[in-house]
Amino acid sequence: MGHHSTLKRSVIMLVLASGLLGSLIIGIAIGAVYIPPAEIGAILLSHVPVLGGRWATNRLPEHDIIIMTMRFPRVILAGLAGAGLALAGATFQGLFRNPMADPYVIGVSSGAALGAVVSIMIQTAWNIPMRYGIPVFAFVFAIVTIALVYNLARVGGKVPVMTLLLAGIAINSLLSAVESLCLFFSGEQLHQIVFWLMGGFSGAGWDYVFMFLPYGVIGTAIIFVFARELNALLLGEESAQHLGVEVERVKRYLLVAAALLTGACVSVSGMIAFVGLVIPHIVRMLFGSDHRILLPSVALIGAIFLLLADSLSRIIIAPSELPVGIITALVGGPFFILLLRRQKNALF
Amino acid sequence: MSIVLAKMNRIGVFLVIIWVAFSACGCNKGINSPLGESSVSASSQGYPLTITDDMGRQIILTAEPTRIVSLAPSNTEILYALGLGSKVVGNTNYCDYPEEAKQCYKVGGFEDPSLEKIVAVKPDLVLASNIHIPSLKVMEDAGLRVVVLNAKTLEGVLDNILLVGKSAGVEDRAEKLTQDLRSRVDTVSAKVGQVPAEQRPLVYYELWYEPYMSAGKDTLTAQLIRLAGGINMTDDNIEQYPKLSEEIIIKRNPAIMINSYGHGSGALITPEQVAARQGWSHLDFVKNNRIYTIEADLVSLAGPRIVDGLEAMAELLHPSLFK
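Predicted model, so just to flag it, every value in this text is computed and none were measured.

Colleague: So what about the pattern of salt bridges? Which residues, and what values?
Modeller: Applying the stated criterion across every chain, the model contains 23 salt bridges over all chains. Across the salt bridge formed by E237 of chain A and K251 of chain A, the nearest N and O atoms sit 2.9 Å from each other. With E237 of chain A in helix α10 (residues 237-242) and K251 of chain A in helix α11 (residues 247-269), this pair connects stretches of sequence that are 14 residues apart. Accessibility classification places E237 of chain A together with K251 of chain A in one group, the buried group. A salt bridge links R57 of chain B to D53 of chain B; the shortest N-O distance between them is 2.6 Å. According to the relative accessible area criterion, R57 of chain B is buried, its value standing at 16%. A single network of salt bridges, built from pairs that share partners, joins R74, D310, R314 and E321 of chain A.

If you want it as structure tokens, here you go:
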């Protein structure tokens, strides 16, 4: 097994990495202002340290600014958020052994969004500049939400699809009510917050990337470290325990990691639905459910998916932009219904 | 609800823009302009200049701005009123006054302008509003000089006119304009000031009709109603733009209704339609025919036309004083 699967793994990673590179290129090539591909290439190459000098000519300074301060950080951020949401989804699904688990469906995204809204309101109410604190609030609210949902949904040692969805609906509606209440009192910030909640990357720059990175990196690292344990958990908590996995401790780490990722994603891009649901499923269909392959593939395909969705959002009603959340929901909604149909026999 | 409606309305606006873009491609003067970075050297007396915007940010202007982008209709109106229209190289789809502003290169919507298009027209000054705060950092990273204007009072509007005038090297014009505006405000105040408190009419301002919405205490509109010698019916509401129950309107029975028009897809509601609303026939403003209509921009946009709005409002509230 060993040799064969290593080869398979390398091939998969190579293919996905090229796919990611391709979607990054598409993302950088598309925008409100047309810049010829050759010029984009020259701009990017001119920023390569040492060697870049020879491409420094033949480019308009304003095009350089557009590429380097707007499109580049934007595609990086879309990729990071896509990877983050998909990884969070894969983790929740593995942990709960439940195919419907997704940060959006089970209310964690709503929790994170409420945290972000609260922190934005605090910032303006007391005029405290703490932009980089938004993910912390989002994370804390996400973790409280996931604790609530988990405890509500758990029946014995298991988290059945039914109770998880119901708990998700209950918490989601409670959170959105609180959020509406906050918006009600937010006065002139209302527009700003509502626009951000719709989900998307327009107006994002390097500051958003830096805001995401620390939380995203820690969350991802924890999840990757526990890939084997996630595999063991697929056999059931008792079996995992027999295999020497400290189930409760692992679960706590993984929940914190998934909440961190969700909080970071929501803080920089608002509510983007279904990435965490769709991507892990597609990957499982393609490559099976060994988390050592699943997790990196999920991250890469999640990044590719959101990058392409974001590119589409920029051209579909050009010169204006569609919030990318609409596109992911249009793709994810039918997928969710399909999964639900397949689950029906198991449920009733 | 109204947000959803506004968004749907925007899609209509988008389609119109696409159509305009395709049918009139030659109008993008901003992008094709021969003005390069070499054109910075205008009359640069008094520069570099440090100004402080409505967010308390300090912005250093190294030379007199020659290429200005406006990201809000109110900013656009200030620029044109100061005779700076020819320097505006970009504004938003919502900038429709004065007429020339419609012909200007559009960088996108009010809340979602395209940052790329802003950079592409190479502005040396960008006048933003508080709605653009989330993108401030990127715009600064892109080397843009962004001034945030966010007037919440009439006084704030006058300050903004002075600030824009100072930034763009037309301080004298701005002084003149604000003095004129101020004296017009004073004229209104002098007339209305004699009106004793008990004769000040209770005013219902209808911002929107589905649901009924009005203007809360801290809005320009509410300030205008007070300055025009009226009492704003919704001054005790905590929200900026409170949604109202019909019962409140019936209960308070205001003496005057000011009906606004010109919000996106909002239809113009006629006094007859208001009178025909169920249960409204007993209201004083219906019985006494005191339903008036004012263009929304005059009483809500933080530009120089706000004083037109004040004068119109005062005349409607106290016609006998303005004969």
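Colleague: Describe in detail the domain arrangement of chain B, supporting the description with residues and values.
Modeller: Residue and element names in this part refer to chain B. The assigned domain composition of chain B is domain 1 (24-179) and domain 2 (196-322). Summarising the inter-unit geometry, the C-alpha centres of domain 1 and domain 2 are found 32 Å apart. Contact residues are listed per partner, giving 13 residues for domain 1 and 13 residues for domain 2. For the pair domain 1 and domain 2, the summed buried area comes to about 1,100 Å², and 69% of that belongs to carbon and sulfur atoms. At the junction of domain 1 with domain 2, the criterion picks out one salt bridge. In this structure, the salt-bridge partner of E77 is R305, at a minimum N-O distance of 2.7 Å. On the surface where domain 1 and domain 2 come into contact, there are two residue pairs in polar contact (both at pLDDT 80 or more). Among the elements that line the side of domain 1 that touches domain 2, the one with the most residues is helix α3 (residues 73-81), at five residues.

Colleague: A description of the packing of aromatic side chains should follow, citing residues and the corresponding values.
Modeller: Applying the stated criterion to the full structure yields 12 aromatic pairs over all chains. Both rings, one in F92 of chain A and one in F96 of chain A, keep their centres 6.0 Å apart while their planes meet at 20 degrees; by these two values the pair is stacked. Here F92 of chain A pairs with F96 of chain A, and both are found in helix α3 (residues 61-96), just four residues apart, close to one helical turn. Residue F92 of chain A is classed as buried on the basis of its relative accessible area of 0%. Put simply, the rings of Y204, Y212, W280 and F285 of chain B pair up and form one aromatic cluster.

Rules and cut-offs
Per-chain numbering applies: the sequence of each chain, read as written, is numbered from 1 onward. Just so you know, chain letters begin at A and ligand numbers begin at 1, following the order they were written in. Side-chain atom pairs in this predicted model are given and counted only at pLDDT of 80 or more, local residue features only at pLDDT of at least 70, and totals for whole chains, interfaces and linings cover all residues. Hydrogens are left out, water is left out, and the side-chain values use all remaining heavy atoms of the structure. A side-chain nitrogen of Lys or Arg and a carboxyl oxygen of Asp or Glu constitute a salt bridge if their distance falls within 4 Å. Put simply, DSSP marks the helices as runs of H or I at least four residues long and the strands as runs of E at least two long, and each gets a number from the N terminus on. Using a 1.4 Å probe on the protein chains alone, a residue whose accessible area is under 20% of its type maximum counts as buried, one over 50% counts as exposed, and one in between counts as partly exposed. For every domain, the bounds stem from an assignment made automatically or drawn from a database. Contact between two residues is taken to exist if any of their heavy atoms lie within 4.5 Å; hydrogens are not considered. As used here, buried area is the combined drop in accessible area, with a 1.4 Å probe, of two parts when they are placed together. In protein, a polar contact means a hydrogen-donor-capable atom and an acceptor-capable atom, both N or O and within 3.5 Å, with residues adjacent in sequence counting only if both atoms are side-chain atoms; elsewhere, any N or O pair within 3.5 Å suffices. The rule is short: rings of Phe, Tyr and Trp, with Trp giving its six-membered ring, pair when the centres are within 6.5 Å, and they are stacked under 30 degrees, edge-to-face over 60, tilted in between.

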